[in-house]
Amino acid sequence: MIKSKSDPSTTANTMWGGRFAAGPDAIMQAINASIGFDKRLYSQDITASRAHAAMLGATGILQDRDVTAIREGLQTVHEEIERGAFSFSVDLEDIHMNVEARLKDLIGEAAGRLHTARSRNDQVATDFRLWVRGQCDSAIEGIAALMRAFLAQAEAGADWVMPGFTHLQTAQPVTWGHHMLAYVEMLSRDLSRFRDARARMNECPLGAAALAGTSFPIDRAMTAAALGFDRPMANSLDAVSDRDFALEFLSASAITAMHLSRFSEELVIWSSAQFRFVRLSDRFSTGSSIMPQKKNPDAAELLRAKLGRIMGAMVALFTVMKGLPLAYSKDMQEDKEQVFDAADTLMLGLAAMEGMVRDLAANRETLAAAASAGFSTATDLADWLVRELGLPFRQAHHITGRLVALAETQGCDLPDLTLAQMQAECAEIRADVFDVLGVENSVRSRMSYGGTAPDQVRHQVARWKEVLG
């Protein structure tokens, strides 16, 4: 059934142009063509076309010999693209027409029957939805891998003390494991957003045709099942004009990107000479062309910048879609480039961050020293005054604040004050107050669920290891 390639003089307007006497202007052609980017949809386009052809055969709309020819021809086209032997033509506008034109070269007239009971409108909606669904799967895998990397850090440093910050000022001591688990929790919500988005988008547009459905006796449930969708979309207008599945993917990607960028910022700060909290591996650092001592956190800095492209892509697609009436408008051809770029950026970001986190070496001694500085146990002192002496918290807060001011003028930390100095502010303070002023005691005392105590951290690590498998 496979024929040799025919005369390559086929042009775009022989595909859609019975209405037109002349071809498009060169500028119009440049605006109109999308093959430069939508060729990425070749696998989804061919898969959906094979499912459509099988359905047309099963319903008796096409004869078996045509279905066989189409199936074999599409397989040949797929193999040609895979091995780089396919010639994409701008004259043929998009991936759909490029595939169909090559199919006609291979099998002749039967190729023209493939488009029975469908339109490029439902065709592209199906292809794009399949592609975005696959990207959700990839994102889920990438996020889970990054969560495991953070989890390994949390398990290793469950009892390593470090300063916790608010306003980038020392607040209270926490554990390294607790800080790492914060990102595990963030990423778990990112993962659930992609899972939810995938479930919502798993309906099939194919069979909606241009906008109104078709008079052919098609079986939309058959094509939906063949393509792994849960069901056909219930409204043909919605099916061809909806792009909220792509917007939801971009939204989930943007939130994930924000989380990755926040940790990138922490890595930049923590790896500086002023902090020295962590050492980044050579694999994710660069040097200076003039300063031999430099080890720059360029991977983290580049991620911090690149991830903003995902947020820009989301805004761009919202801007495309916000003013469009139903159903399809050519504006929607501009839905793909930003989604492709965002997906590429997200997967690069997840892979790079996983590598950085797995290689990350915390400077335990530096973290501990920093945790002890900056009056980080002041809240522990206030809590002790409430718990042991029965003072109202506001009164305890004021007493502690005055003791912090005293320590600051003395150039020391709270544990370095004498009992007499403390009793000058509150006569009831006892010597056992010093038991709560050490950072180790402080973190061990934070045993509330979700707290920073090492035992709580180990509990959460065990829970997440079970969840992630």
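Residues numbered from 1 in each chain as written. Predicted model: local features only at pLDDT ≥ 70, side-chain atom pairs only at ≥ 80, totals over all residues. Heavy atoms only, no water.

1. Focus on the pattern of salt bridges
The condition is simple: Just to be clear on terms, a salt bridge is a Lys or Arg side-chain nitrogen sitting within 4 Å of an Asp or Glu carboxyl oxygen. Working definition: with a 1.4 Å probe on protein chains only, accessible area under 20% of the residue-type maximum means buried, over 50% means exposed, and in between means partly exposed. Note on conventions: DSSP H or I runs of at least 4 residues are helices, E runs of at least 2 residues are strands, and numbering of each starts at the N terminus.
Tallied over the entire structure, the rule returns 29 salt bridges. Put simply, Arg113 and Glu109 hold a salt bridge, and the shortest N to O gap is 3.0 Å. The class of Arg113 is partly exposed, set by a relative accessible area of 31%. On the basis of relative accessibility, which here comes to 60%, the residue Glu109 falls in the exposed class. A salt bridge links Asp341 to Arg309; the nearest nitrogen and oxygen atoms lie 2.5 Å apart. Of the two residues, Asp341 is situated in helix H15 (residues 337-359) and Arg309 in helix H14 (residues 308-321); the sequence distance between them amounts to 32 residues.

2. Section: the packing of helix H4 (residues 42-58) against helix H5 (residues 64-82)
How we decide: Angles shown run from 0 to 180 degrees and are taken between the N-to-C directions of axes, each axis being a line fitted to C-alpha atoms and, for helices, limited to the stretch in contact. Angle categories: roughly parallel below 35 degrees, roughly antiparallel above 145, roughly perpendicular from 65 to 115, and oblique for all the rest. Residue contacts are defined here by distance: any two heavy atoms, one from each residue, within 4.5 Å place the two residues in contact. For this classification, Asp, Glu, Lys and Arg are treated as charged, while Ala, Val, Leu, Ile, Met, Phe, Trp, Tyr, Cys and Pro are nonpolar and the rest, including Gly, are polar.
One can describe the packing of H4 onto H5 by two numbers: an axis separation of 9 Å at closest approach and a directional angle of 170 degrees. If you check the angle between H4 and H5, you find them roughly antiparallel. Two secondary-structure elements touch here, H4 through Tyr42, Ser43, Ile46, Ser49, Arg50, Ala53, Ala54 and Gly57 and H5 through Asp64, Val67, Ile70, Arg71, Leu74, Gln75, Val77, His78, Ile81 and Glu82. Tallied by class, residues from the contact of H4 with H5 come to 9 nonpolar, 5 polar and 4 charged.

3. Examining a nonpolar patch on the surface
As a reminder, the rule being used: Residues enter patches when they are more than 30% accessible in relative terms and free of salt bridges; like-charged ones are connected within 9 Å and nonpolar ones (Val, Leu, Ile, Met, Phe, Trp, Tyr) within 5 Å. Surface accessibility in these figures is a Shrake-Rupley result with a 1.4 Å probe; residues are shielded only by whichever protein chains are displayed.
A cluster of nonpolar side chains, contributed by Ile27, Met28 and Ile31, occupies part of the molecular surface with about 340 Å² of accessible area. Examined against the element boundaries, Ile31 turns out to sit in helix H2 (residues 26-32). You can call Ile31 exposed: its relative accessible area is 60%.

4. Re the side chain of Asp122
The line we're drawing: Note that His is not counted, nor are the chain ends; the positive residues are Lys and Arg, and the negative ones are Asp and Glu. Identification of polar contacts relies on pairs of N or O atoms within 3.5 Å, with a donor-acceptor requirement for protein atoms, meaning one able to donate a hydrogen and the other able to accept it, and with residues adjacent in sequence counted only if both atoms are side-chain atoms.
Secondary-structure assignment places Asp122 in helix H8 (residues 120-156). One buried charged residue, Asp122, remains without a salt bridge, the closest side chain of opposite sign being Arg118 at 6.0 Å. Among the polar contacts made by the side chain of Asp122, one reaches the main-chain amide nitrogen of Ser119 at a distance of 2.7 Å. Sequence-distant contacts of Asp122, defined by excluding residues within four places in its chain, comprise Pro205, Leu206, Gly207, Ala208, Ala209 and Val240.

5. Things to note about the pairing of strand S2 (residues 169-175)
As a reminder of what qualifies: Whether two strands pair comes down to DSSP finding at least two bridges between them.
Pairing of strand S1 (residues 161-166) with S2, which is carried by 6 bridges, proceeds in the antiparallel orientation. Paired with Pro163 across the strands is Pro173, a residue of S2. Taking the residues between adjacent antiparallel strands as the criterion, S1 and S2 are bridged by 2 residues, where His167 takes a positive phi near 60 degrees.

6. Here we look at the state of the cysteines
Rules: Cysteine sulfur atoms are paired as a disulfide whenever they fall within 2.5 Å.
Taken as a whole and assessed by the stated rule, the structure comprises 0 disulfides. With no disulfide partner, Cys136 has as its closest neighbouring cysteine sulfur the one in Cys204, 16 Å distant. Taking the relative accessible area as the measure of exposure, Cys136 reaches 0% and is therefore buried.

7. Points about the nonpolar core
Selection criterion: Throughout, nonpolar core names a set of buried Ala, Val, Leu, Ile, Met, Phe, Trp, Tyr and Cys residues whose side chains join them through atoms within 4.5 Å.
Membership of the largest hydrophobic core comes to 102 residues, with the highest contact counts inside it found for Phe150, Trp176, Phe194, Phe263, Trp270, Val339 and Met353. Grouped together as the second largest cluster of nonpolar side chains are 21 residues, Phe375, Ile399, Leu414 and Leu417 included.

8. Some remarks on unusual backbone geometry
A cis amide bond links Leu326 with the next residue in sequence, Ala327, at an omega value of 5 degrees. Despite not being glycine, Leu168 has its phi angle at roughly 60 degrees, a positive value. In this fold, Leu168 is placed in the loop between S1 and S2. Residue classification places Leu168 among the exposed positions, given a relative accessible area of 51%.

9. Regarding H4
Defined as follows: Given a helix with a known number of residues, its expected span is that number minus one, times 1.5 Å.
When the terminal C-alpha atoms of H4 are compared, their 24 Å separation across 17 residues agrees well with the 24 Å that a helix rising 1.5 Å per residue should span. Counting buried positions over the 17 residues of H4 gives 12, a clear majority of the element. Along H4, the residues that are buried comprise Tyr42, Gln44, Asp45, Ile46, Ala48, Ser49, Ala51, His52, Ala53, Met55, Leu56 and Gly57. Within two residues after H4, Gly60 carries a phi angle of roughly 80 degrees, on the positive side.

10. Re the packing of aromatic side chains
One pair of aromatic rings is described through two measures. These are the centre distance and the angle between the planes. Applied cut-off: Ring pairs are drawn from Phe, Tyr and Trp, using the six-membered ring of Trp, whenever the two centres fall within 6.5 Å, and their geometry is named by plane angle: stacked under 30 degrees, edge-to-face over 60, tilted for the rest. Any Lys NZ or Arg CZ found within 6 Å of a ring centre and within 35 degrees of that ring's normal is scored as a charge over the ring.
Counted by the stated rule, this structure contains 14 aromatic pairs. With centroids separated by 4.9 Å and ring planes inclined at 75 degrees, the aromatic side chains of Phe150 and Phe263 adopt a geometry described as edge-to-face. Of the two residues, Phe150 is situated in helix H8 and Phe263 in helix H12 (residues 244-270); the sequence distance between them amounts to 113 residues. Classification of Phe263 by relative accessible area gives buried; the value is 1%. Note on Phe275 and Phe277: the rings are 5.1 Å apart at their centroids and 75 degrees apart in plane angle, and the pair reads as edge-to-face. Take Phe275: its relative accessible area is 24%, and that puts it in the partly exposed class. Residue Phe277 is classed as buried on the basis of its relative accessible area of 3%. Pairwise contacts between aromatic rings join Phe150, Phe165, Trp176, Tyr183, Phe263, Trp270, Phe275 and Phe277 into one cluster. In this arrangement the basic side chain of Arg40 is found over the ring face of Phe340, its NZ or CZ atom lying 4.9 Å from the centre. Cation over ring: Arg133 sits above Phe229, and NZ or CZ is 4.8 Å from the ring centre.

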